[in-house]
Amino acid sequence: MTDFLKEIADKISNQHVLDAMKRIDRHAFVPELMQNFATRDTALPIECEQTISQPYIVALMSEALLAHHPHKILEIGTGSGYQAAILACLVDEVYSIERHELLHTQAKKRLQQLGFSNIHLKLGDGWQGWQENAPYDGIIITAAAPEMPTDLLAQLAVNGVMIVPLGTDKGGQKLKKIVKKSETDYSEEDLLDVRFVPFVRDN
Ligand code: SAH
């Protein structure tokens, strides 16, 4: 058992999530210089001054999504592709958007080499979502949003769930779970305090 698997085993109750975390080798998503730390339960730096999230947070966000039995998920912030790979073991289709071309290209190559055929990657601005494949049963944002991304809520199916870190570096960030009760009605729940890189607005 690797280090982070021991750490998260008693904090995550969804066995499918734990199985996926066991199956996907995080070394494949971590830069050369960080290989020795790949099994640690910490976020690590990746290219373009971004981060691969802490495994516990990846597991927790996946578990929160899975509680709503999604088939089709949209991720904002592909980064290394690790969170997308975990989700792709758990649901039918994963769509993921990244704004850095290098990260997008690397993740694409990596996920292809690992044999994933149910992950669809797009280079672009996550604030606009991916309308062509909407609605999504679940949306996961892996960067901190300074404000609620309402255009993305519009791409969520009724009964769908969005997991989003809301806030800023200075003011603090809360991981939130939003459930779309109807076209106009949402519920909101705080999951925990987190620290993500910013969900950048390009204009
Ligand atoms: N899910 C990733 C973690 C990535 S960190 C993983 O498993 O490795 C957050 C990512 O969000 C970064 O790669 C960053 O470039 C991306 N990001 C930030 N703002 C964005 C935006 N407006 N559109 C798309 N991607 C964005």
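Treat the numbers as computed from the prediction; the structure is a model and nothing was measured.

Colleague: Honestly, the overall build of the chain in this entry has me stumped. Any pointers?
Modeller: Within the chain, the regular secondary structure consists of six helices and nine strands. Taking 203 residues into account, the globule formula puts the C-alpha radius of gyration at 17 Å, and the chain, at 16 Å, falls close to it. Sorting the 203 residues of the chain into buried and exposed places 52% on the buried side. Considering only residue pairs separated by 6 or more positions, the chain has 53% of its internal contacts joining residues 24 or more positions apart. Surface accessibility of the chain: about 9,900 Å² in total, with carbon and sulfur atoms responsible for 47%. Here the chain contributes 20 positively and 28 negatively charged side chains, and the mean placements of these two sets differ by 2 Å.

Colleague: Whenever I open this one, the sheet that holds strand 4 (residues 93-98) confuses me. Can you help?
Modeller: Two strands in a sheet stick together by hydrogen bonds in their backbones, pointing the same way (parallel) or opposite ways (antiparallel). Spatially, seven strands are ordered 5-4-3-6-7-8-9 in an open sheet, and the strand pairing comes out mixed. The open sheet has two edge strands, strand 5 (119-123) and strand 9 (186-194), and neither has a second partner. The mean inter-strand angle of the sheet, taken between neighbouring strand axes irrespective of direction, is 15°. Sheet topology places strand 8 (residues 172-180) next to strand 9; eight bridges connect them, and they run antiparallel. Counted as the bridge partner of L175 is L192 from strand 9. Contacting strand 3 (72-76), strand 6 (136-141), strand 7 (156-168), strand 8 and strand 9, helix 3 (residues 55-66) runs over the sheet at an angle of about 160° to strand 6.

Colleague: I keep staring at the environment of H16 and nothing clicks. Help me out?
Modeller: By the secondary structure assignment, H16 is in helix 2 (residues 15-23). Since its relative accessible area comes to 57%, H16 is described here as exposed. Spatially, the C-alpha atom of H16 lies 21 Å from that of A38, the residues being 22 residues apart in sequence. Every residue in contact with H16, bar those within four places of it in the chain, is listed here: L66 and L90.

Colleague: Please clarify how the site of the ligand should be interpreted in this entry.
Modeller: Taken together, 27 residues surround the ligand, and among them E75, S80, E98, G126 and V200 come closest. One of the backbone nitrogen or oxygen atoms of Q83 is found 3.1 Å away from an oxygen atom of the ligand. In this structure, a nitrogen atom belonging to the ligand sits 3.1 Å away from a side-chain N or O atom of T142. Burial of the ligand by the surrounding chains reaches 99%, relative to a free accessible area of 580 Å². Residue assignment for the shell around the ligand shows that the elements contributing at least two residues are strand 2 (50-52), helix 4 (82-88) and strand 4. No other element matches the three residues that strand 2 contributes to the shell around the ligand. For the shell around the ligand, the per-class residue count stands at 10 nonpolar, 13 polar and four charged.

Colleague: Quick question: what am I supposed to make of helix 2 here?
Modeller: Since the α-helix packs 3.6 residues into each turn, any two residues three or four apart lie on the same face. Here helix 2 has its buried residues at V17, L18, A20 and M21. Buried residues of helix 2, viewed axially, fall in a sector of 160°; they line one side. Within helix 2, the exposed residues directed more than 90 degrees away from the buried face are H16, K22 and R23. Turning to helix 2, the residues buried within the fold contact helix 1 (3-9), helix 3 and helix 4. For helix 2, the capping residue at the N-terminal end is N14, with a side-chain oxygen 2.9 Å from the backbone nitrogen of H16.

About the cut-offs
- Residues numbered from 1 in each chain as written.
- Predicted model: local features only at pLDDT ≥ 70, side-chain atom pairs only at ≥ 80, totals over all residues.
- Heavy atoms only, no water.
- Helix = DSSP H or I, 4+ residues; strand = E, 2+ residues; numbered from the N terminus.
- Rg over C-alpha atoms; globule rule 2.2 N^0.38 Å.
- Buried < 20%, exposed > 50% of the residue type's maximum accessible area, 1.4 Å probe, protein only.
- Contact = heavy atoms within 4.5 Å.
- Areas by Shrake-Rupley, 256 points an atom, 1.4 Å probe, with all protein chains shown as cover.
- Lys, Arg positive; Asp, Glu negative; His and termini not counted.
- Charge placed at Lys NZ, Arg CZ, Asp CG, Glu CD.
- Pairing = 2+ DSSP bridges.
- Axes fitted to C-alpha atoms, helices over the stretch in contact; angles between N-to-C directions.
- Near = heavy atom within 4 Å.
- Polar contact = N/O pair within 3.5 Å; in protein donor to acceptor, adjacent residues only side chain to side chain.
- Nonpolar A, V, L, I, M, F, W, Y, C, P; charged D, E, K, R; others polar.
- Arc of directions from axis to C-beta.

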